[in-house]
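# Summary of structural features
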Amino acid sequence: MMSAGTPFRFLDQDLLLLPQKAIYWQQEKALIAADVHFGKVGHFRKAGIAIPRNMEQQDLSMLSDLIYEHKPEKVYFLGDLFHSDMNSDWDWFVLWRSQFPKLQIILIKGNHDIISDKHYTDLGIALHQKLSVGPFLMLHHPLADPEIKAEGYVLCGHIHPGINLVGRGRQSVTLPCFAFGKNQAILPSFGKFTGKVAILSRKADHIFGVLQDKVIAL
């Protein structure tokens, strides 16, 4: 049984912040994930850099586990679903998609989503530059000025946010985090192979650090 996540009541919505670095939105029966970067393993292997192939399949397997656990009707990807140009990892993604034919998948396009839209639409994936759903505005990039309110409370990704914690012995650890500010929330990157997290440079009203099997309020 997977971890149930940390409940967070926000804007009259019930969000479950998951240690798999995704959100389950109960009212919408939806999973939300940012910066999956499928295809990054294939991208590096294509360039002759040896990366274990199973890293790619681990992310797909984790996403499948979340779908079986929470039974969403739809999944929102907040950009950077597929890392780069077409490579052999796309075949794994097509196979994964075939296992959930009734699942609605919505992609808010990110800067890495450069392959032809037709590849997505052929799989029944809806594409948007931005999308308003309930009280939220789904984007890929954070607001240029987070003090200026958008046409909804922004859910976004892109920067792979993290928070640095320092212990009494001056030992430190950087945790991926969910960062809820005044006008936007930045989600951690879902993909395992996405590089280092970026330390938050702006104050957030609610920060939740992601540990291996739980999410903690900080």
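Residues numbered from 1 in each chain as written. Predicted model: local features only at pLDDT ≥ 70, side-chain atom pairs only at ≥ 80, totals over all residues. Heavy atoms only, no water.

### Examining unusual backbone geometry
We note that Lys71 has phi near 50°; this positive angle belongs to a residue other than glycine. Mapped onto the secondary structure, Lys71 falls in the loop between helix H2 (54-70) and strand E5 (74-77). Residue Lys71 is classed as exposed on the basis of its relative accessible area of 63%. Phi is positive for Asp80, close to 55°, though the residue is something other than glycine. One can find Asp80 in the loop between E5 and helix H3 (89-98). (Helix = DSSP H or I, 4+ residues; strand = E, 2+ residues; numbered from the N terminus. Buried < 20%, exposed > 50% of the residue type's maximum accessible area, 1.4 Å probe, protein only.)

### A few points about H3
Along H3, the residues classified as buried are Asp89, Trp90, Phe93, Trp96 and Arg97. Each buried residue of H3 sits inside an arc of 115° when the element is viewed along its axis, so together they form one side. (Arc of directions from axis to C-beta.)

### Focus on the pairing of strand E6 (residues 104-108)
Across the five residues that make up E6, a large majority, four, are buried. As paired strands, E5 and E6 are joined by four bridges and run parallel to one another. Bridge pairing links Tyr76 to Ile106 in E6. Sheet topology places E6 next to strand E7 (residues 125-128); four bridges connect them, and they run parallel. Across the sheet, Ile106 pairs through a bridge with Ala126, a residue of E7. (Pairing = 2+ DSSP bridges.)

### A word on the sheet that holds strand E3 (residues 22-25)
Taken together, the seven strands give an open sheet; going across it, the order is E1-E2-E3-E4-E5-E6-E7, and neighbouring strands pair in mixed fashion. Across the chains shown, the open sheet's two edge strands, defined by having one partner strand only, are strand E1 (6-10) and E7. Within this sheet the neighbouring strands show an average axis-to-axis angle of 25°, counted without direction. (Axes fitted to C-alpha atoms, helices over the stretch in contact; angles between N-to-C directions.)

### Re the confidence of the model for the protein chain
When pLDDT is averaged along the protein chain, the result is 86; 83% of the residues meet or exceed 70. Under a pLDDT of 50 for its full length, residues 40-51 has, in the predicted model, 29 contacts with residues more than four places off or in other chains. (pLDDT = per-residue confidence, 0-100. Contact = heavy atoms within 4.5 Å.)

### Overview of the packing of aromatic side chains
Using the criterion set out here, one finds 15 aromatic pairs in the structure. Ring geometry for Trp90 versus Tyr120: centroids 5.5 Å apart, planes at 80°, classification edge-to-face. With a gap of 30 residues between them, Trp90 in helix H3 and Tyr120 in helix H4 (residues 117-121) connect regions that are remote in the sequence. Residue class for Tyr120 comes out buried when judged on its relative accessible area of 0%. Each ring, one from Phe93 and one from Trp96, has its centre 5.6 Å from the other, and the planes form 20°; the classification is stacked. (Phe/Tyr/Trp six-rings, centres within 6.5 Å; stacked < 30°, edge-to-face > 60°.)

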